[in-house]
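So you can see what is in the structure, the chains are spelled out below.
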Amino acid sequence: MGSLKNQEEELEPVVEEAILYVNGIRKTLADGLAHMTLLEYLRDIGLTGTKLGCGEGGCGACTVMVSHYDKNLKKCMHYAINACLAPLYSVEGMHVITVEGVGNRRHGLHPIQESLAQSHGSQCGFCTPGFIMSMYALLRSCQTPPSEELIEECLAGNLCRCTGYRPIVDAFRVFAKTNDVLYTDSSLSLQGGDSICPSTGKPCSCGSSLSDRDTNKQSVTCGDRYEPVSYSEVDGSRYTDKELIFPPELLLRKSTYLKLSGFGGLKWYRPLRLQQVLELKMKYSDAKLLVGNTEVGIEMRLKRMQYKVLISITHVPELNVLSVKDDGLEIGSAVKLSELLNFLRRIVKERGVDETYSCKAFIEQLKWFAGTQIKNVASVGGNICTASPISDLNPLWMAAGAKFQIINCKGNIRTVLAENFFLGYRKVDLTQGEILLSVFLPWTRSFEFVKEFKQAHRRDDDIALVNAGMRVHLEEKGGKWVISDASIVYGGVAPLSLSALKTKEFLIGKCWNQELLQDALKILQKDIIINEDAPGGMVEFRKSLTLSFFFKFFLWVSHQMDGKKSVESIGLSHLSAIQSFHRPPVIGSQDYEVIKHGTAVGSPEVHLSARLQVTGEAEYTDDVPIPPSGLHAALILSRKAHARILSIDDSEAKASPGFAGIFLAKDVPGDNKIGPVVVDEELFATEFVTCVGQVIGVVVGDTHENAKLAARKVHIDYEELPAILSIQDAINAKSFHPNTEKCLGKGNVDLCFQSGQCDKILEGEVQVGGQEHFYLEPNSSLIWTMDCGNEVHMISSTQAPQKHQKYIAHVLDLPMSKVVCKTKRIGGGFGGKETRSAFLAAAASVPSYLLNRPVKITLDRDIDMMITGQRHSFLGKYKVGFTNEGKVLALDLEIYNNAGNSMDLSLAVLERAMFHSDNVYEIPNMRIVGRVCFTNYPSNTAFRGFGGPQGMIIAENWIQRIAVELKKSPEEIKEINFQGEGSVLHYGQQLLHCTLSQVWNELKISCDFLNARKEVNQFNVNNRWRKRGIAIVPNKFGISFTAKFMNQAGALVHVYTDGTVLVTHGGVEMGQGLHTKVAQIAASAFNIPLSSVFISETSTDKVPNSSPTAASASSDIYGSAVLDACEQIKARMAPIASEHNFDSFAKLANACYMARIDLSAHGFYITPELDFDWKTGKGNPFKYYTYGAAFAEVEIDTLTGDFHTRAANVILDLGYSLNPAIDVGQIEGAFIQGLGWVALEELKWGDAAHKWIPPGCLYTCGPGSYKIPSMNDVPFKFNVSLLKGHPNVKAIHSSKAVGEPPFFLASAVFFAIKDAITAARAEVGCNDWFPLDNPATPERIRMACLDEFTAPFISSDFHPKLSV
Ligand SMILES: Cc1cc2nc3c(=O)[nH]c(=O)nc-3n(C[C@H](O)[C@H](O)[C@H](O)COP(=O)(O)OP(=O)(O)OC[C@H]3O[C@@H](n4cnc5c(N)ncnc54)[C@H](O)[C@@H]3O)c2cc1C
Ligand code: FES
Ligand code: FES
């Protein structure tokens, strides 16, 4: 044991005032705010550009840049952090720059903002400030232009649900230094010139021109790199005068010791010396040390753990050491992970290869560790001392033979081997008075190899399912290479990082050869035991991974030793097991023709709010300041899946700080029964609860936190009742929603099966998982009364303001005429804010109305995910008969969807699934029966595609199965069954203007399908452990609401005397560019520039009785309604216009005004030709169809299930696009969202398959556990094209609807994965068809790739569990 010399002369702390600079402005930080996050503070002071998306560091919406002066390095350090996890006081003495400080419309946009806006990189805009800040921090921190790889890496912690990332990458890559020639000022001069890319609105090297004024039609391909703004302009003269400088006061200011307090008696210390830390630890033995707060913050906020004393050790130099010793590296416990990463990268360059195997392993592991914002604050010591069983670094410290230096309050130091430090679940060898001082990482010796492993759901920014650190030291003895030392450590297999001790023991002394491998695998199997009911589930997968990792390690070490005597070299095809993943920068192309109609229609205009969104000036519901008398609402939620409510005790809640009221069913002034179609829900549960998360009441308090605290204190006694927790449970119990059995059909299925016409008949089941909307903006409403409750007004984040109006009138017993709902924009909806937002606003309206005070409700991310419903999971049971050629003759299909505990839109979702169950295939005899299952889950709801994708993926499953059965390619089976012009579908609609064959043929040419197949086959022959797969998938998507009455739209158009036009219509802007397209229609109608048209908001008092913005049809119907209004006004203006030759629209408008002409009109539109009748099952539910097709190529790692999409080509027929740039954005966004559905996003519910989750509870209720695609998941090559030359005669300006149709096309990725798995199974002689559930996650991929590492744990028909 050593001892720390007390070399500090002066330890008495000097506490000065706490300060902070925000966007260059000095702020004094009051005492008492230790509980507050930086995000809360910023939003409280009005800087609402920084968004709250998740509150757990998982989405990046809250990213800000922090700068501080490093006295040692003598320079300012700039880095991005998540403001939602940063304690306010952690940035004391620093400069925080938010999106508002970067640039704005008044003083000019920063080039990053300009570039993102112009590149169509902002749709709903909720993620946008976060992306801007991550990129800004990167540019400010780089000495030289960053590489494209670095840019993509720095965005790993930012999620976007709308764009599909490609335009964001394109917007930011212009700041990368890739080619010196491009870094000239001339690139900027392009901005006004000819080479503006119509896709991006930016200069590009595609050589195409948008401004060909003579022709109205042109074709454009923008696939090459374009460089609209040069890096030097960002860092140089053009912008430096605007760039916020580091405040001089902070340059000179000494860091001070802080002693501050927070809510509930919380104490906050920031010592400056180790001795001070130790003294504080002596005084408060249970004090929590804090560095990044990325663990403690989650514990306190999400797990509700309470700590009384927090000691921030970020400023303690002794804990921030990074030094090179003779025998290794000393790393202080407070060193940030990004500092460690940079340090190790430098060391690897400077030191010999042999010495740095451990360093390289850490570098690789840190590459896939969290996002940049987390790594910028999270510490080495924080990761170690949390002792998480899935820590990515702890297995490596253990395997690498690291030693931990521990110091106690008296300054005594002891050293513990990392492998002895972890004692149990989150338990380490530290007594109360001890802290971790530093870590010592030894150099590796000659022939000592260290390697890291990690498999997660998603490669980027995800916690591990299983990870590992492995080390062997080989010595040559008697001409053989013998293992002299070894360490094999796993994470994710036990409550702590676990050493495989028996395996280690076995290895030592053995020769490094194949025999050793086989024997070691056998021992390892017994060494690492994972119990069947282990938390996290996926037991078979995790067990297989332990063997796969070891196998990889064996091959990797053998490869390092290649050429050494007596070491068997590994075959070339086996090298595929150890190739590390390298991601090239994304390349995208967008191919479309621009067909302009008038001044604006057809032009690839930038989203009208883009400039507001990139500057953070765009306001969302939660950004609207709550009036001084306002209250915050929190919901009282059921904790049981099915139960009788015995009693509700609110006494503790009433005594809670800031409590202002509790409201239950008995308090509802109007009707407590609600429901969007069928009234089968209760606003507040009365006697029974039928799902976890059902609303029982609402509590209001002075702050959001206090309201939540009080709501948690409401105690409810339940009598538990049996719950139905899956579709299968529902089928067994015949638990269906009343009157929901539906049937469609044509021909005679039974007769066909009996007739012997079918050469083969197959039966099977398809399980399709659900999907969370994960709109970046959680649900929010602000409600207030006027005239003491005579009127109620609200601002809501909803796709259906009219539903909010109706619900609130209903529960408050008010006429709808006295209730107004407004929506300016929403941060994504995707169907999730169509009906499942209304009951939240209705709940909050009760206290607002009864107390006559404004009430705001904003859901936390976990609650939002838990209670607002998702995409329905489906079960399909099919029987399909076909000829030996593959011609389908009969299909008998039963489909079930999981509706949850109320009907909501589930019947309509089922119906659309039934309509789309043929996808694009001619089936002469077809019968579909559909049923809506009642289960004890929150009600599932609309989600992009609205059941269509589920119906189509079931169809693609049996098509693929027929192909396998007949040993033909799926493409061949598809083609011989294609529908075409004149086909009559199973519900009687005839296909007219069918462009299926055109999109299909163009796609096959563009992806060079036959060659792609050859190349993939060749790759698969040469690579045993990596396989590639390809697939090509077509679809048709019916456009219209299937409920006929909903196909109506209203609009209100005012022309002002200055010639500007204000449009209001019933549709909501949620990022999809609806307002932009509608404004383009109005501009063209009046022949005025787009800039003369403005759309302010959607409001029920301007346009009444609107349908929700859904079903892809909004631009069709609202565009038509607006056009109707414009035409009315134009007709009134015509006589005046014909009298004079006005040289401007303003003059004409003014002349009309002077002539007392009404310049305002209400427009209306109904979709004609819809006449479907469920009684006969025949008619035309759709106005027309949007056709598309997609190709995908993937590569899988058969040993781990890891996959990436190498290429995706998508083609869609959108007629003459109203705005091709926006349409491309919709296609890319839908495709990536669809990719999430088919391959990444898995909802895990507490059901029979997941016994480790409490019954009926959602486990995956945040970005930490539920993984939507990140930037890393974008196909390496992502090509999108619009079919040319096919105007749509059925919709406005010959356009077609786009929102939903492309979503399903991502199933090409699913079938490409299946194709790759098929190749892997062929290696072990399994050539039969096999089922693969949706989503094809790494678990499903890996477990389907049967081999010697899965064999010990599963049989060949193993089916990983899925909540459906
Ligand atoms: C979005 C997100 C993604 C993440 N991804 C990953 C990932 O990919 N892999 C992974 O392994 N982890 C991940 N984590 C977990 C977490 O970020 C890491 O464990 C991180 O290193 C914790 O460091 P911190 O400084 O933030 O810890 P803090 O929250 O500040 O502290 C954590 C714990 O360590 C204790 N502690 C800190 N320093 C000392 C010391 N010197 N002596 C004694 N005790 C000490 C604290 O008291 C506290 O109990 C993730 C977390 C988030 C929020
Ligand atoms: S809100 Fe901070 S990361 Fe999501
Ligand atoms: S634009 Fe990124 S989440 Fe909507």
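Look up a bit, the structure's there.
No experiment lies behind these values; they were computed from the predicted model shown.

(A) View of the overall build of the protein. Each helix and strand counted, the protein has 39 helices and 51 strands in total. Taking 1364 residues into account, the globule formula puts the C-alpha radius of gyration at 34 Å, and the protein, at 31 Å, falls close to it. Along the first, second and third principal axes, the C-alpha set of the protein runs to 95 × 80 × 75 Å. Per-residue burial over the protein gives 65% buried out of 1364 residues. Across the protein, contacts joining residues at least 24 apart in sequence account for 77% of those joining residues at least 6 apart. When the accessible surface of the protein is split by element, carbon and sulfur atoms take 52% of a total near 46200 Å². Positive and negative side-chain charges in the protein, numbering 136 and 150 respectively, have mean positions lying 2 Å apart.

(B) Representation of the pairing of strand β11 (residues 266-270) within the structure. In terms of burial, β11 is largely enclosed, as four of its five residues are buried. Inspection of the sheet shows strand β10 (residues 258-262) paired to β11 by five bridges, in the antiparallel sense. Residue Lys259 lies in a different strand from β11, and its bridge partner there is Tyr269. Between β10 and β11, which pair antiparallel and follow one another directly, the connecting turn spans three residues, one of which, Gly264, has a positive phi of 70°. With three bridges connecting them, β11 and strand β13 (residues 309-312) associate as parallel partners. Among the inter-strand pairings, Trp268 is bridged to a residue of β13, identified as Leu310.

(C) Quick peek at the state of the cysteines. As enumerated under the stated definition, the model contains zero disulfides in all. In this structure Cys994 is a free cysteine whose sulfur lies 19 Å from that of Cys1007, the closest cysteine sulfur available.

(D) Inspection of the sheet that holds strand β23 (residues 480-491) at higher detail. Strand order across the open sheet formed by four strands is β21-β22-β23-β24, with antiparallel pairing between neighbours. Where the open sheet ends on each side, the last strands, each with one partner, are β21 (448-456) and β24 (498-499). Here β23 pairs with β24 via two bridges, running antiparallel. Along β24, the bridge assignment pairs Val489 with Ser499.

(E) Geometry of the nonpolar core. Ranked by size, the top nonpolar core spans 216 residues in total, and within it Phe172, Leu635, Trp958, Phe1231 and Ile1313 carry the most contacts. Apart from residues lying up to four places away in sequence, Trp958 is in contact with Tyr878, Val880, Val888, Leu891, Ser917 and Ile923. Of all hydrophobic cores here, the second largest spans 129 residues; its members include Ile298, Leu337, Leu474 and Phe541.

(F) Examining the site of ligand 1 more closely. Neighbouring ligand 1 are 33 residues, the closest being Lys288, Leu289, Val291, Thr294 and Ser379. One of the side-chain N or O atoms of Ser379 is found 2.7 Å from an oxygen atom in ligand 1. In this structure, an oxygen atom belonging to ligand 1 sits 2.8 Å away from a main-chain N or O atom of Asp392. Burial of ligand 1 by the protein chains amounts to 92% of its free accessible area of 990 Å². Taken together, the elements giving at least two residues each to the shell around ligand 1 come down to β12 (288-290), α15 (380-386) and β20 (434-442). It is α15 that provides the largest number of residues to the shell around ligand 1, a total of five residues. Of the residues in the shell around ligand 1, the class split is 16 nonpolar, 11 polar and six charged.

(G) Here's a closer look at the sheet that holds strand β48 (residues 1160-1166). Taken together, four strands build an open sheet; the order of strands is β46-β45-β44-β48 and the sheet is mixed. Either end of the sheet is taken by a strand with one partner, and the two such strands are β46 (1093-1095) and β48. Across this sheet, the average inter-strand angle for adjacent strands is 25°, counted without regard to direction. Set on the sheet, helix α35 (residues 1114-1139) makes contact with β44 (1048-1055), β45 (1061-1065) and β48; between it and β48 the angle comes to about 140°.

(H) Focus on a positive patch on the surface. Taken together, the side chains of Lys259, Lys267, Lys283 and Lys308 make up a positively charged region of the molecular surface. By the secondary structure assignment, Lys308 is in the loop between α11 (296-301) and β13. Residue Lys308 is classed as exposed on the basis of its relative accessible area of 51%.

(I) How the structure looks around the side chain of Lys974. Its place among the elements puts Lys974 in helix α31 (residues 970-977). Accessibility expressed as a relative area gives 4% for Lys974, which makes it buried. Leaving out residues up to four positions away in the same chain, Lys974 has contacts with Tyr921, Glu956, Ile959, Trp1000, Ile1032, Val1033 and Pro1034.

(J) A look at helix α19 (residues 514-527). For α19, spanning 14 residues, the distance from its first C-alpha to its last is 20 Å, which sits close to the expected 20 Å at 1.5 Å a residue. Regarding α19, the residues found buried are Leu516, Leu517, Ala520, Leu521, Leu524 and Asp527. Within α19, the buried residues cover an arc of 130° as seen down the axis, which keeps them to one side. In α19, the exposed residues that point more than 90 degrees away from the buried face are Glu515 and Lys526.

(K) Examining the packing of α35 against helix α36 (residues 1145-1154) more closely. As a packed pair, α35 and α36 sit with axes 10 Å apart at the nearest point and diverge in direction by 105°. When the interaxial angle is binned, α35 and α36 end up roughly perpendicular. Each of Met1133, Ile1136 and Ala1137 in α35 lies in contact with α36, whose residues at this interface are Phe1145, Leu1148, Ala1149, Ala1151 and Cys1152.

(L) Summary view of the packing of aromatic side chains. Under the defined criterion, the tally for this structure stands at 43 aromatic pairs. Measuring from ring centre to ring centre gives 4.2 Å for Phe362 and Trp397, while their planes differ by 40°; the resulting arrangement is tilted. Here Trp397 lies in helix α16 (residues 394-399) and Phe362 lies in helix α13 (residues 357-367), a separation of 35 residues in the sequence. Here Phe362 and Trp397 have matching classes, each one buried. Note on Phe1172 and Trp1174: the rings are 5.1 Å apart at their centroids and 85° apart in plane angle, and the pair reads as edge-to-face. Residue classification places Phe1172 among the buried positions, given a relative accessible area of 19%. Accessibility expressed as a relative area gives 22% for Trp1174, which makes it partly exposed. Taken together, Tyr357, Phe449, Phe453, Phe549, Phe550, Phe553 and Trp556 form an aromatic cluster joined through their ring pairs. Sitting above the plane of the Trp1237 ring, Arg871 keeps its charged end 5.3 Å from the centroid.

(M) Spatial organisation of the environment of Glu1348. Summarising the element assignment, Glu1348 is placed in the segment after α39 (1338-1344). Through-space distance from the C-alpha of Glu1348 to that of Gly1256 is 36 Å; in sequence the pair is 92 residues apart.

(N) Summary view of unusual backbone geometry. The omega torsion of the bond from Asn1334 to Pro1335 falls at 10°, within 30 degrees of zero and hence cis. Note that Pro1335 resides in the loop between α38 (1307-1322) and α39. With a phi angle near 55°, Ala387 is a residue other than glycine that sits in the positive phi range. Mapped onto the fold, Ala387 is located in the loop between α15 and α16.

(O) Quick look at the packing of helix α26 (residues 801-812) against helix α27 (residues 838-851). Between α26 and α27, whose axes approach to 9 Å, the crossing angle comes to 45°. What the angle tells us is that α26 and α27 run oblique. In this structure, α26 crosses over α27, and the sense of that crossing is right-handed. Contacts between α26 and α27 involve Lys803, His804, Tyr807, Ile808, Val811 and Leu812 from the former and Ala838, Phe839, Ala841, Ala842, Ser845, Val846 and Tyr849 from the latter.

(P) Region of interest: the environment of Met65. For Met65, the position within the fold is in strand β4 (residues 63-70). With a relative accessible area of 0%, Met65 lands in the buried category. For the pair Met65 and Ala942, spaced 877 residues apart in the sequence, the C-alpha separation amounts to 37 Å. Residues within four places of Met65 in sequence aside, it is in contact with His78, Tyr79, Ala80, His95, Val96, Ile97, Met133, Tyr136, Ala137 and Arg140.

Rules of the game
Residues numbered from 1 in each chain as written. Chains lettered and ligands numbered in written order. Predicted model: local features only at pLDDT ≥ 70, side-chain atom pairs only at ≥ 80, totals over all residues. Heavy atoms only, no water. Helix = DSSP H or I, 4+ residues; strand = E, 2+ residues; numbered from the N terminus. Rg over C-alpha atoms; globule rule 2.2 N^0.38 Å. Buried < 20%, exposed > 50% of the residue type's maximum accessible area, 1.4 Å probe, protein only. Contact = heavy atoms within 4.5 Å. Areas by Shrake-Rupley, 256 points an atom, 1.4 Å probe, with all protein chains shown as cover. Lys, Arg positive; Asp, Glu negative; His and termini not counted. Charge placed at Lys NZ, Arg CZ, Asp CG, Glu CD. Pairing = 2+ DSSP bridges. Disulfide = S-S within 2.5 Å. Core = buried A, V, L, I, M, F, W, Y, C linked by side-chain atoms within 4.5 Å. Near = heavy atom within 4 Å. Polar contact = N/O pair within 3.5 Å; in protein donor to acceptor, adjacent residues only side chain to side chain. Nonpolar A, V, L, I, M, F, W, Y, C, P; charged D, E, K, R; others polar. Axes fitted to C-alpha atoms, helices over the stretch in contact; angles between N-to-C directions. Patch = residues over 30% accessible without salt bridge, like charges linked within 9 Å, V, L, I, M, F, W, Y side chains within 5 Å. Salt bridge = Lys/Arg side-chain N within 4 Å of Asp/Glu carboxyl O. Expected span 1.5 Å × (residues − 1). Arc of directions from axis to C-beta. Parallel < 35°, antiparallel > 145°, perpendicular 65-115°, else oblique. Phe/Tyr/Trp six-rings, centres within 6.5 Å; stacked < 30°, edge-to-face > 60°. Lys NZ or Arg CZ within 6 Å of the ring centre and 35° of its normal. Left-handed = near helix turned anticlockwise from the far one by under 90°.

Scope: geometric values only; no functional claims are made or implied.
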